[in-house]
Amino acid sequence: MSTLPVVLERDGAVPLGVQLSTQIRARILDESLPEGHRLPSSRALAAELGTSRSVVEQAYSQLVAEGWLRGRHGSGTFVASRGLRRAASRRAAEPAAARPLVTLDAGTPFIDPRHAAGWRRAWREVSTATPPRGYDDSRGLPELRRLLAERLARTRGLACEPEQVVVTSGTTDGLRHLLGALPPGAVGIEDPGYRAAVATARQVGREVRDLPAIDPDGWALDGLAAVYVTPAHQHPLGHVMSASQRLHLLDRARASDALVIEDDYDSEFRYDVAPIPALASLAPERVGYLGTAAKSVGPSMRIGWLVAPPEVTDAVNARRTATHDAAPWPVQRAFLTLVRDGYLDRVVRSARRVYAERAQRVTEALRPYATPSTPSPAGMYTTWLLPHADAVRARDAALAAGYQVNLLADYCRSAGLTGLLVGVGGVTDAQLDEALAALVRGLAG
């Protein structure tokens, strides 16, 4: 097994992982690396190149996802067959108009293809497990609730018993159940904020009161039944609610007898420091906590969990039992395996590295033209403030190249903020570079 013919520029503007994947792709195209060639292990190549193993792992993962490489479990990583390579090359050469629109959104995660074996194993277990004969416990599978309680204590600082955990069909499903268990009253929601939360509140007949996301200290909670917040990573601005703001919010919620509903959005994906403990850990008697697998395993799995004060949980469970409302058993059973076997932790770790590297590339491309909404980016997207006309021009340029980028104005109700949201999860490195080039063309023009 020969050394790969690649050279990395330490002082270059292009990240090392991108340099490596680009050069390996080029060596495959010019057949310096023939079909079936076994590449060095990530550990060996990292030692050879004098770089971190994560750089090599990211490059290999990217090329596997694009079809240039393939992995054999326990055997290594190999150059893919010519048929697969031709398909990948054709996709790259297609004109933008002939390709399906690629969306750089705030909710599509990166899933490292090297973890596919864990996903398949989970569903094999579902196929051999015995399903319940009747309606299942509306709270969720006992073993899954136990694992979730342990995980919340370990990763979010939220101490709770399995009996306090309710398995839901995602964040909006959990929000719907919480709002249904509360007395009459409006719901305060951050503005700009999560559009699906606004739609959910309105669909269950709740009036929505806008709470300016840029000034949480000025919120008035009188007359609210609940206030919905994303304190770990404000959606879509990306701010982290400070300790003093959290305590102030809890004090006002107690004074107004309002339930704080914490959507623990993007909490796993901090780049700089360890995730901040959940708001619910400060006042479990005042906070209804919502978690989801949408940003780790994927939105289509439709599974989440809630932890709420006992009187709220009892009301939620009573309503769910009466209506036979429960998350689907096969999905719960598969997710149980993913949590138990460490799949969830592994996909989060690998995605965090990818998001950090890609966010830096977005910053390098857009900083000359726009202002980041927060100095410490996190999660699977970054938000940029700039005049609306400039944002629209950049959005249209990206659309012409085959990429959909969302406008910040679309997340506002009464707030007057304008700019762009650039997602980095549901794209390849090559697609991200192409989209950024289109955005820059729009902004520079």
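Residues numbered from 1 in each chain as written. Predicted model: local features only at pLDDT ≥ 70, side-chain atom pairs only at ≥ 80, totals over all residues. Heavy atoms only, no water.

A. View of the overall build of the chain. Helices and strands together make up the secondary structure of the chain, namely 14 helices and 14 strands. Principal-axis analysis of the C-alpha atoms places the extent of the chain at approximately 70 × 55 × 40 Å. By sequence separation, contacts in the chain at least 24 residues apart represent 73% of the contacts at least 6 residues apart. Within the structure as shown, the chain displays about 18,800 Å² of accessible surface, and the carbon and sulfur contribution to it stands at 54%. Within the chain, the 48 negative side-chain charges are centred at a point lying 7 Å from the centre of the 52 positive side-chain charges. (Helix = DSSP H or I, 4+ residues; strand = E, 2+ residues; numbered from the N terminus. Contact = heavy atoms within 4.5 Å. Areas by Shrake-Rupley, 256 points an atom, 1.4 Å probe, with all protein chains shown as cover. Lys, Arg positive; Asp, Glu negative; His and termini not counted. Charge placed at Lys NZ, Arg CZ, Asp CG, Glu CD.)

B. Inspection of the pattern of salt bridges at higher detail. For the structure on display, the rule yields 28 salt bridges. Between Asp-112 and Arg-114 there is a salt bridge, with the nearest N and O atoms lying 2.6 Å from each other. Relative accessible area serves as the criterion here: at 2%, Asp-112 is assigned to the buried category. Among the residues examined, Arg-114 registers a relative accessible area of 40% and is labelled partly exposed. Among the ionic pairs, Asp-345 bridges to Arg-151, the shortest N-O distance being 2.4 Å. (Salt bridge = Lys/Arg side-chain N within 4 Å of Asp/Glu carboxyl O. Buried < 20%, exposed > 50% of the residue type's maximum accessible area, 1.4 Å probe, protein only.)

C. Spatial organisation of the packing of aromatic side chains. For the structure on display, the rule yields three aromatic pairs. Note on Trp-305 and Phe-335: the rings are 5.8 Å apart at their centroids and 20 degrees apart in plane angle, and the pair reads as stacked. Of this pair, Trp-305 sits in strand E10 (residues 304-307) while Phe-335 sits in helix H11 (residues 329-340); the two residues are 30 residues apart in sequence, bridging distant segments of the chain. Taking relative accessible area as the criterion, Phe-335 reaches 0% and is therefore assigned buried. (Phe/Tyr/Trp six-rings, centres within 6.5 Å; stacked < 30°, edge-to-face > 60°.)

D. Representation of the nonpolar core in the model. By size, the foremost hydrophobic cluster in this structure holds 87 residues, and its most contacted members are Leu-104, Leu-249, Val-260, Phe-335 and Leu-439. The leading source of residues in this core is helix H12 (residues 343-366), at ten residues. In contact with Leu-104, other than residues within four places in its own chain, are Tyr-403, Gln-404, Val-405, Leu-421, Val-422, Gly-423, Val-427, Leu-432 and Ala-435. Residues Leu-179, Ala-201, Tyr-228 and Ala-308 belong to the second largest nonpolar core, which totals 20 residues. (Core = buried A, V, L, I, M, F, W, Y, C linked by side-chain atoms within 4.5 Å.)

E. The arrangement of the pairing of strand E9 (residues 287-292) in detail. Of all six residues making up E9, six are buried, and the element is well covered by its neighbours. Burial of E9 is two-sided: the residues Val-287, Tyr-289 and Gly-291 facing one way and the residues Gly-288, Leu-290 and Thr-292 facing the other way are all buried. As paired elements, strand E8 (residues 259-263) and E9 share four bridges and run parallel to each other. By the bridge assignment for E9, Val-260 is matched with Val-287. (Pairing = 2+ DSSP bridges.)

F. Region of the structure containing the sheet that holds strand E6 (residues 208-212). Taken together, seven strands build an open sheet; the order of strands is E4-E10-E9-E8-E7-E5-E6 and the sheet is mixed. Single-partner strands in this sheet number two, and they are strand E4 (165-168) and E6. With strand direction ignored, the average angle separating the axes of adjacent strands in the sheet is 25 degrees. Sheet topology note: the E4/E10 ladder contains four bridges and is antiparallel. Paired with Val-167 across the two strands is Trp-305, which belongs to E10. The sheet contacts of helix H6 (residues 142-156) involve E4, E9 and E10, and relative to E4 the element is tilted by about 105 degrees. (Axes fitted to C-alpha atoms, helices over the stretch in contact; angles between N-to-C directions.)

G. Structural view of the environment of Gly-291. Structurally, Gly-291 can be placed in strand E9. Overall, Gly-291 belongs to the buried group, its relative accessible area being 6%. Separated by 117 residues in sequence, Gly-291 and Gly-174 have C-alpha atoms that sit 8.6 Å apart. The residues touching Gly-291, leaving out its near neighbours within four places in the chain, are Thr-171, Gly-304 and Trp-305.

H. Up close: empty space enclosed by the protein. A full pass over the atoms with the stated rule returns three cavities of 30 Å³ or more. Of the volumes computed, that of the largest cavity is approximately 80 Å³. Around the largest cavity sit Gly-17, Val-18, Gln-58, Ala-59, Ser-61, Gln-62, Phe-110, Val-354, Glu-357, Arg-358 and Asp-429, which together line it. Among the elements of the structure, helix H1 (16-29), helix H3 (53-66) and H12 are those that each provide at least two residues to the lining of the largest cavity. (1 Å grid on protein atoms, 1.4 Å probe; cavity = no way out; pocket = protein on both sides within 12 Å on 5 of 7 lines; lining within 4 Å. Points joined across faces, edges and corners; volume = space filled by probe spheres on them.)

I. Region of interest: the sheet that holds strand E3 (residues 102-104). Read from one edge to the other, the open sheet built from five strands follows the order E3-E13-E14-E12-E11, with strand pairing classed as mixed. With one partner strand each, in any of the chains shown, E3 and strand E11 (371-372) form the two edges of the open sheet. Sheet strands touched by helix H13 (residues 388-400): strand E13 (403-407) and strand E14 (419-423). Its angle to E13, the strand with the most contacts, is close to 160 degrees.

J. Examining the side chain of Gln-234 more closely. Within the secondary structure layout, Gln-234 lies in the loop between strand E7 (224-229) and helix H9 (243-256). A polar atom in the side chain of Gln-234 sits 3.4 Å from the side chain of Glu-190. At 3.0 Å, the side chain of Gln-234 and the backbone nitrogen of Leu-237 are in polar contact. Aside from chain neighbours lying at most four places away, what touches Gln-234 is Glu-190, Pro-192, Gly-193, Ala-213, His-239 and Tyr-381. (Polar contact = N/O pair within 3.5 Å; in protein donor to acceptor, adjacent residues only side chain to side chain.)

K. Summary view of unusual backbone geometry. The omega angle of the peptide bond from Asp-191 to Pro-192 is 0 degrees, so this bond is cis rather than trans. Structurally, Pro-192 is set in the loop between strand E5 (186-191) and helix H8 (195-203). Here the residue pair His-235 and Pro-236 is connected by a cis peptide bond, since its omega of 15 degrees sits within 30 degrees of zero. Mapping Pro-236 onto the fold places it in the loop between E7 and H9. Phi is positive for Asp-257, close to 55 degrees, though the residue is something other than glycine. Note that Asp-257 resides in the loop between H9 and E8. The class of Asp-257 is exposed, set by a relative accessible area of 58%. With a phi close to 55 degrees, His-324 is a non-glycine residue in the positive phi region. Its location among the elements puts His-324 in the loop between helix H10 (310-323) and H11.

Geometric values such as these leave the question of function open.
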